[in-house]
Amino acid sequence: MKLWQSWGIEPDAVMGHSVGEYVAACVTGVFSLEEGLYLSAEPGRLMATQHREGQMVAVFAAKEIVEEAIASYQDAVAIAAFNGPTQTVIAGDRQAVAAAIARLESDFIMTRELNVAHAFHSPLVDPIQNAFEQTLRKMQFHRPCLPFISHLSGEFEAGILDANYWRSQLRSPVRFDGGIQTLAEAGYEIFLEIGPTDTLASMGKRCLPKNTATWLSSLRQGHDDWRSLLDSLATLYMKGINIDWSEFHRDSPRQRVALPTYPFQRQRCWIDSL
């Protein structure tokens, strides 16, 4: 984010996905960078003390189908994220998740296990919520200085994101699809993902009608980092975004060169109609 800002690219609104919401909050001044790093790591540390093996799995089906599949495992599995019309994430106890996935796959529904260490936004979070809240109570939170989309509601959040908010944020599902819809309805048309991949940009495309928004990423897996950044920067420039070119070239040696000039003769060469 700091790199984009150094090039003159400032966000008009921010939204984070799960732990990414700590980054969004930091950018908007809710808490400091150091506090954000601490808060993003603390839930994982607390969950590691529970010694319960969790799992998160992306299910490529509508939420109604997923809700029906996990109905028998409410104490162990929950929907962790609504990522799009046909992409939902479930999380919870590994055995219970496996049973729910087996049921879904028997109906030929595709699933994909996520490479995560802990099952956030699931019942496995419940035992650590009180301890996490004690940490939160020691902090001071500020009102966002930019329009902020809450992943709890998928709507703009103008109030102070206090300890109660972050306690709920850890357990409640991510309403990514709702957030994208809210931004689109508010007139936002350019979405830039800040992260190591283009996963969120790809998911966001599925939340809106085709060709109604521009989706950009900072980095893309399997692509050259610098090329990915420049591709997105070029698109932003073509969309009319002002770039701080002096800052962009700050670390590169540049010098002005006097080129040969050519005086315009201002001679009319048009062929008159006969």
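Look a little higher up for the structure.
Residues numbered from 1 in each chain as written. Predicted model: local features only at pLDDT ≥ 70, side-chain atom pairs only at ≥ 80, totals over all residues. Heavy atoms only, no water.

To continue, consider the packing of aromatic side chains. Taken as a whole and judged by the stated rule, the model has 13 aromatic pairs. Residues Trp7 and Trp226 carry aromatic rings whose centres are separated by 6.1 Å and whose planes lie at 80° to one another, so their mutual orientation is edge-to-face. Within this pair, whereas Trp7 is found in the loop between α1 (2-6) and β1 (14-15), its partner Trp226 is found in helix α10 (residues 225-238), the two being separated by 219 residues in sequence. Judged by relative accessible area, Trp7 falls into the buried class, the value being 4%. On the basis of an interplanar angle of 55° and a centroid distance of 5.6 Å, the ring pair of Phe31 and Trp166 is categorised as tilted. Of this pair, Phe31 sits in the loop between α2 (20-27) and α3 (33-48) while Trp166 sits in helix α7 (residues 163-171); the two residues are 135 residues apart in sequence, bridging distant segments of the chain. (Phe/Tyr/Trp six-rings, centres within 6.5 Å; stacked < 30°, edge-to-face > 60°. Helix = DSSP H or I, 4+ residues; strand = E, 2+ residues; numbered from the N terminus. Buried < 20%, exposed > 50% of the residue type's maximum accessible area, 1.4 Å probe, protein only.)

Right, let's talk about the side chain of Ser232 for a bit. Among the secondary structure elements, Ser232 is positioned in helix α10. There is a polar contact of 2.6 Å between the side chain of Ser232 and the backbone oxygen of Ser217. Residues within four places of Ser232 in sequence aside, it is in contact with Trp4, Leu216 and Ser217. (Polar contact = N/O pair within 3.5 Å; in protein donor to acceptor, adjacent residues only side chain to side chain. Contact = heavy atoms within 4.5 Å.)

Moving on, we get to unusual backbone geometry. For residues that are not glycine, phi is negative in most cases, and the peptide bond is trans in most cases. With phi around 60°, His121 is a residue other than glycine that occupies positive phi space. With respect to the secondary-structure elements, His121 resides in the loop between β5 (111-113) and α6 (129-136). Unusually for a residue other than glycine, Asn211 sits at a positive phi of about 65°.

Here we come to the environment of Val89. With respect to the element layout, Val89 can be found in strand β4 (residues 87-93). Sequence separation between Val89 and Lys63 is 26 residues; the distance between their C-alpha atoms is 9.1 Å. Once residues lying within four places of it in the same chain are set aside, the contact partners of Val89 are Met56, Val57, Ala58, Ala78, Ile79, Ala80, Ala81, Asn83 and Leu114.

Here we come to the nonpolar core. In terms of nonpolar packing, the biggest core is built from 41 residues, with Phe31, Leu39, Phe141 and Trp166 touching the most fellow members. Broken down by element, the residue count for this core peaks at four residues, all from α7. Discounting residues that sit within four places of it in the chain, Phe141 has contacts with Val30, Phe31, Leu39, Leu136, Ile160, Leu161, Asp162, Ala163 and Trp166. By size, the runner-up hydrophobic cluster in this structure holds 17 residues, among which are Val57, Val59, Phe82 and Ala100. (Core = buried A, V, L, I, M, F, W, Y, C linked by side-chain atoms within 4.5 Å.)

We now examine the pattern of salt bridges. Counted according to the given criterion, the structure contains 11 salt bridges. Here Arg167 and Glu133 are joined by a salt bridge, their closest N and O atoms 2.6 Å apart. Residue Arg167 is found in helix α7, and its partner Glu133 is found in helix α6; the two are separated by 34 residues along the sequence. Residue classification places Arg167 among the partly exposed positions, given a relative accessible area of 21%. Residue Glu133 is classed as buried on the basis of its relative accessible area of 17%. Asp231 is the salt-bridge partner of Arg227, the closest N and O atoms lying 3.0 Å from each other. Residue Arg227 and its partner Asp231 are located together in helix α10, separated by four residues, close to a single helical turn. What makes Arg227 exposed here is its relative accessible area of 53%. You can call Asp231 partly exposed: its relative accessible area is 32%. (Salt bridge = Lys/Arg side-chain N within 4 Å of Asp/Glu carboxyl O.)

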